Amino acid sequence: MSNIVDPSTDSLAARIAARVRTERERRRWTLAQLADASGVSPAMISRIERGESSPTAVVLGKLSAAFQLSVASLLALAEGARDTAADTAGVRRDADAAEWCDPGTGYRRRQITGPRFPAEIAEIRLPAGARVPYPAAAFAFVRQLVWVLDGRLSFHDGDTVHELGAGDTVELGPPAERVFANTTDAECRYAVVLTRDARP
């Protein structure tokens, strides 16, 4: 399920739309080719690229997997496109960090590092009862660590389930289907730290 958005009032949604189109055009793919690679319908991709529909985290997971990017990388590329100030070292104010909200689950993601920093760090807030699955291909070419800051996270790594509490970390191995789930009645806040193994 996706919400209709107005890119003029939601600049991050507009940047995500532009980034999806840019990544597709970089590969010289048609809408149909991206649809085949991702499992997302051509009509949905078209609405996303035109800024008429805000993709859910699950849809972004499928698109990023098709691009051989992580969701974090795809969003960081979109977030980092807003201005050149993020390219420089120094202080980044909390108010300047773009926050993306999944219209399907209420999952919120805030990029901590700028696009030039060698690791991508994001803060995630996963609402009570939310469950966000990602395909294995979304984890290709990256090394990733999940660090729970507050609450509890049920992290499904392939067939293995890790019940993580505040302070717990898990370093991810080879790509596998993964699910971030909050089975409690309180929000879970965690950080994702990601580095790239190789460029696709």
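Residues numbered from 1 in each chain as written. Predicted model: local features only at pLDDT ≥ 70, side-chain atom pairs only at ≥ 80, totals over all residues. Heavy atoms only, no water.

## Remarks on the nonpolar core
Convention followed: For this analysis, a nonpolar core means a set of buried residues of the types Ala, Val, Leu, Ile, Met, Phe, Trp, Tyr and Cys, connected via side-chain atoms within 4.5 Å. Only protein chains enter the accessibility calculation, which uses a 1.4 Å probe; a residue is then buried when its area is under 20% of its type maximum, exposed when over 50%, and partly exposed in between. Each helix is a run of H or I in the DSSP string that is no shorter than four residues. Each strand is a run of E no shorter than two, and both are numbered from the N terminus. Any two residues whose heavy atoms approach within 4.5 Å at even a single point are treated as in contact.
Membership of the largest hydrophobic core comes to 43 residues, with the highest contact counts inside it found for Leu63, Leu126, Tyr134, Leu153, Phe180 and Tyr190. Among the elements that line this core, the one with the most residues is helix α4 (residues 57-66), at six residues. When sequence neighbours within four positions are dropped, the list of residues in contact with Phe180 reads Leu126, Ala130, Arg131, Val132, Tyr134, Phe139, Gln144, Val146, Leu153, Ser154, Phe155 and Tyr190.

## Section: helix α3 (residues 42-49)
Taken together, the buried positions of α3 are Met44, Ile45, Ser46, Ile48 and Glu49. Against α1 (11-26), α2 (31-38) and α4 lie the buried residues of α3. Directly after α3, the chain includes Gly51, whose backbone phi takes a positive value near 75°.

## A word on the side chain of Gln144
Tracing the backbone shows Gln144 in strand β5 (residues 142-150). Discounting residues that sit within four places of it in the chain, Gln144 has contacts with Phe139, Val170, Glu171, Leu172, Phe180, Val192, Val193 and Leu194.

## Some thoughts on the pattern of salt bridges
Rule in force here: Salt bridges are defined as contacts in which a side-chain nitrogen from Lys or Arg sits within 4 Å of a carboxyl oxygen from Asp or Glu.
Taken as a whole and judged by the stated rule, the model has 14 salt bridges. The salt bridge involving Arg50 is made with Glu52; its shortest N-O contact spans 2.7 Å. Judged by its relative accessible area of 46%, Arg50 falls in the partly exposed class. The exposure class of Glu52 is partly exposed, given its relative accessible area of 33%. Across the pair Arg178 and Asp157 runs a salt bridge, and its minimum N-O distance is 2.7 Å. Of this pair, Arg178 sits in strand β9 (residues 178-181) while Asp157 sits in strand β6 (residues 153-157), and the two are 21 residues apart along the sequence. Per residue, the accessibility class of Arg178 equals that of Asp157, and both read buried. One salt-bridge network, in which partners are shared between bridges, spans Glu99, Arg108, Arg110, Glu123, Arg125, Asp150, Glu187 and Arg189.

Honestly, it's all geometry; don't read function into it.
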